[in-house]
Amino acid sequence: MKEVISTTAAPAAIGPYSQAIKCGSLLFCSGQIPVNPATGEVPEGIQAQTEQSLANVKALLAAAGTSIDRVVKTTVFLADMSLFGPMNEVYARTFAEPFPARSAVAVRELPKQVLVEIEVIAEV
């Protein structure tokens with residue numbers, strides 16, 4: 001059975017999707033772009049944007065009663081693969097071993113012209 005998870009501590013869904021869905025013992029979080037939910041602002045630079053995207057992910061995880069250490073899979077969407085190294089520095093500070101499985105891809109364009117979007121699957 002699916003359960004919708006939502007929080008005002010992460011950007012609201014702006015289309016026909018949920019911020020996150022809990023299904024059994026797994027949580028599927030929609031991609032989080034680096035919008036500060038309190039101000040609507042997007043920080044400058046890939047590292048600040050990665051930090052904000054991950055803060056939004058953590059807010060969704062907390063709303064579902066889980067945490068970053070229970071993430072099993074991530075997908076990172078980048079505006080350009082040249083941003084991979086600086087993004088990875090922030091990512092490495094956020095996750096601990098055993099690290100989640102991960103895909104990282106460059107895409108043509110992201111919403112609001114941000115540099116990064118991150119989605120996760122976690123245990124609850």
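Treat the numbers as computed from the prediction; the structure is a model and nothing was measured.

## Here's the deal with the pattern of salt bridges
With the rule as written, the count across this model stands at 2 salt bridges. As a salt-bridge pair, Arg-93 and Glu-51 come within 3.3 Å of each other at their nearest N and O atoms. Here Glu-51 lies in helix 1 (residues 46-63) and Arg-93 lies in helix 2 (residues 84-94), a separation of 42 residues in the sequence. Between Glu-123 and Arg-70 there is a salt bridge, with its nearest N and O atoms 3.7 Å apart. Placement of Glu-123 in strand 6 (residues 116-123) and of Arg-70 in the loop between helix 1 and strand 4 (71-78) is noted, with a sequence separation of 53 residues between them. Judged by relative accessible area, Glu-123 falls into the partly exposed class, the value being 37%. Assessed through its relative accessible area of 33%, Arg-70 is described here as partly exposed.

## Let's talk about helix 2
Taken as a whole, helix 2 has its buried residues at Met-87, Val-90, Tyr-91 and Thr-94. Looking down the long axis of helix 2, one finds its buried residues gathered within 100° of arc, a one-sided arrangement. Buried-residue contacts for helix 2 involve helix 1, strand 4, strand 5 (101-106) and strand 6.

## Considering the side chain of Asn-56
Secondary-structure assignment places Asn-56 in helix 1. We classify Asn-56 as buried; its relative accessible area is 1%. Those residues in contact with Asn-56 that lie beyond four places of it in its chain are Ala-9, Ala-10, Pro-11, Gln-32, Ile-33, Pro-34, Val-35 and Pro-37.

## What to know about the environment of Gly-15
Position of Gly-15 among the secondary structure elements: in the loop between strand 1 (2-5) and strand 2 (20-23). Put simply, Gly-15 and Ser-53 are 38 residues apart on the chain and 18 Å apart in space, counted from C-alpha to C-alpha.

## Regarding the packing of aromatic side chains
Two descriptors summarise a pair of aromatic rings, namely the distance from one centre to the other and the angle between the planes of the rings. With the rule as written, the count across this model stands at 1 aromatic pair. If you follow Arg-102 out to its NZ or CZ, it ends over the ring of Tyr-91, 4.4 Å from the centre.

## With respect to the packing of helix 1 against helix 2
Any two packed helices are characterised by how steeply their axes cross, that is the angle between the axes, and by the distance between the axes. Contact geometry for helix 1 and helix 2: axes closest at 8 Å, N-to-C directions at 35°. The element helix 1 and its partner helix 2 pack so that their crossing is right-handed. Listed contacts from helix 2 to Ile-46, Gln-47, Thr-50, Glu-51, Leu-54 and Lys-58 of helix 1 are Pro-86, Met-87, Glu-89, Val-90, Tyr-91, Arg-93 and Thr-94.

Calculation criteria
- Residues numbered from 1 in each chain as written.
- Predicted model: local features only at pLDDT ≥ 70, side-chain atom pairs only at ≥ 80, totals over all residues.
- Heavy atoms only, no water.
- Salt bridge = Lys/Arg side-chain N within 4 Å of Asp/Glu carboxyl O.
- Helix = DSSP H or I, 4+ residues; strand = E, 2+ residues; numbered from the N terminus.
- Buried < 20%, exposed > 50% of the residue type's maximum accessible area, 1.4 Å probe, protein only.
- Arc of directions from axis to C-beta.
- Contact = heavy atoms within 4.5 Å.
- Phe/Tyr/Trp six-rings, centres within 6.5 Å; stacked < 30°, edge-to-face > 60°.
- Lys NZ or Arg CZ within 6 Å of the ring centre and 35° of its normal.
- Axes fitted to C-alpha atoms, helices over the stretch in contact; angles between N-to-C directions.
- Left-handed = near helix turned anticlockwise from the far one by under 90°.

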